Amino acid sequence: MRFGPAAAALSLLFAVNASVGYASVSPPDPRAEALVAEGRAQLTAGDTQAAIDSFEAALALDPAYTDVYLSLAEAARADGLQGKAIRYYREARGREPENLAAIAGEGEALVEMGALSAARENLAVLQSMCGDGCAETIELAAAIAQGPPVMTAVVVSPADEVTQN
């Protein structure tokens, strides 16, 4: 009798753990997949705003589709918005903590911002997850070795463009 409550609690714990083990990720909405494919084609063609519109429409259809966040991050990087891209990569990592593309993409965006130490942390995570030979690790290591892009200034004579009222 005195072990009854403990046994009931233990059986409830096992039942909950068993039901969580059977949970699965639902397949993405086919319409969202089509919009992501359309957006990737637009991004390849250089039309980033149309691609972002397609990705956002896909996100509205299926907010649980992690590839949409990765695609939005790629489009943000193409527009030079690395901070926004990092936010999308982190959202994807929050949904799938072991998503190698999200970790590598975030690291590359960090390199583009000049945050090499944070990018090296992402590289260490990738190396611990898949080793030195996986494509994501190699790409991020190459981006870190290359370093952030160098910004150059162009001298413009102010007298050429200044007009008087």
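Placed above this text is the structure.
Read on for a plain summary of the structure. Note that the structure is a prediction, hence the values are computed from the model and not measured.

## Focus: the overall build of the protein chain
At step 1: Each helix and strand counted, the protein chain has 9 helices and 0 strands in total.
At step 2: Reading the helices (α) and strands (β) of the protein chain from amino to carboxyl end gives α-α-α-α-α-α-α-α-α.
At step 3: Put simply, the protein chain has 165 residues, and 32% of those count as buried.
At step 4: Relative to all contacts within the protein chain whose residues are 6 or more apart in sequence, the contacts with residues 24 or more apart total 47%.
At step 5: On the protein chain, roughly 10500 Å² of surface is accessible, and the fraction owed to carbon and sulfur atoms is 58%.

## Observations concerning the packing of helix α6 (residues 100-113) against helix α7 (residues 116-130)
At step 1: At their nearest, the axes of α6 and α7 sit 8 Å apart, and the two run at 160° to each other. Put simply, α6 runs roughly antiparallel to α7. The handedness of the crossing between α6 and α7 is left-handed. Along its contact with α6, which presents L100, I103, A104, E106, G107, L110 and V111, the element α7 presents L116, A118, A119, N122, V125, L126, M129 and C130.
At step 2: Class assignment of the residues belonging to the contact of α6 with α7 gives a composition of 12 nonpolar, 2 polar and 1 charged.

## Describing the pattern of salt bridges
Side chains that differ in charge, positive against negative, can pair when their charged atoms come close.
At step 1: Inspection of every chain in the model, using the stated rule, returns 6 salt bridges.
At step 2: Among the ionic pairs, R77 bridges to E112, the shortest N-O distance being 2.7 Å. Of this pair, R77 sits in helix α4 (residues 66-78) while E112 sits in helix α6, placing them 35 residues apart in sequence.
At step 3: Here E112 falls in the partly exposed class, since its relative accessible area comes to 27%.
At step 4: Across the salt bridge formed by R93 and E106, the nearest N and O atoms sit 2.9 Å from each other. You can see R93 sitting in helix α5 (residues 82-95) and its partner E106 sitting in helix α6, a full 13 residues away along the chain.
At step 5: The exposure class of E106 is buried, given its relative accessible area of 3%.
At step 6: In this structure, a network of salt bridges that share partners links the residues R77, E108 and E112.

## Quick notes on the environment of G147
At step 1: Tracing the sequence through the fold places G147 in the loop between α8 (135-146) and α9 (158-161).
At step 2: Linking G147 and A115, residues 32 residues apart in sequence, is a C-alpha distance of 9.5 Å.

## Re the state of the cysteines
At step 1: A full pass over the atoms with the stated rule returns 1 disulfide.
At step 2: Between the sulfur atoms of C130 and its disulfide partner C134 the distance amounts to 2.0 Å.
At step 3: The buried category is assigned to C134, whose relative accessible area is 14%.

## Thoughts on the environment of E38
At step 1: Relative to the helices and strands, E38 is located in helix α2 (residues 30-44).
At step 2: Note: C-alpha distance between E38 and A50 (12 residues apart in sequence) is 9.4 Å.

## Focus on α2
At step 1: A rise of 1.5 Å per residue sets the reference length of α2, with its 15 residues, at 21 Å; its end C-alpha atoms lie 21 Å apart and thus fit the reference within 8%.
At step 2: Here the buried face of α2 lies against α3 (48-61) and α4.
At step 3: Put simply, D29 is the residue that caps the front of α2, since its side-chain oxygen is 2.8 Å from the backbone nitrogen of R31.
At step 4: Among the residues trailing α2, G46 stands out with phi positive, at a value near 95°.

## Quick word on the packing of aromatic side chains
At step 1: This structure, assessed with the given rule, holds 0 aromatic pairs.
At step 2: Against the face of Y88 rests R87, its NZ or CZ located 4.9 Å from the ring centre.

What counts and how
Residues numbered from 1 in each chain as written. Predicted model: local features only at pLDDT ≥ 70, side-chain atom pairs only at ≥ 80, totals over all residues. Heavy atoms only, no water. Helix = DSSP H or I, 4+ residues; strand = E, 2+ residues; numbered from the N terminus. Buried < 20%, exposed > 50% of the residue type's maximum accessible area, 1.4 Å probe, protein only. Contact = heavy atoms within 4.5 Å. Areas by Shrake-Rupley, 256 points an atom, 1.4 Å probe, with all protein chains shown as cover. Axes fitted to C-alpha atoms, helices over the stretch in contact; angles between N-to-C directions. Parallel < 35°, antiparallel > 145°, perpendicular 65-115°, else oblique. Left-handed = near helix turned anticlockwise from the far one by under 90°. Nonpolar A, V, L, I, M, F, W, Y, C, P; charged D, E, K, R; others polar. Salt bridge = Lys/Arg side-chain N within 4 Å of Asp/Glu carboxyl O. Disulfide = S-S within 2.5 Å. Expected span 1.5 Å × (residues − 1). Polar contact = N/O pair within 3.5 Å; in protein donor to acceptor, adjacent residues only side chain to side chain. Phe/Tyr/Trp six-rings, centres within 6.5 Å; stacked < 30°, edge-to-face > 60°. Lys NZ or Arg CZ within 6 Å of the ring centre and 35° of its normal.

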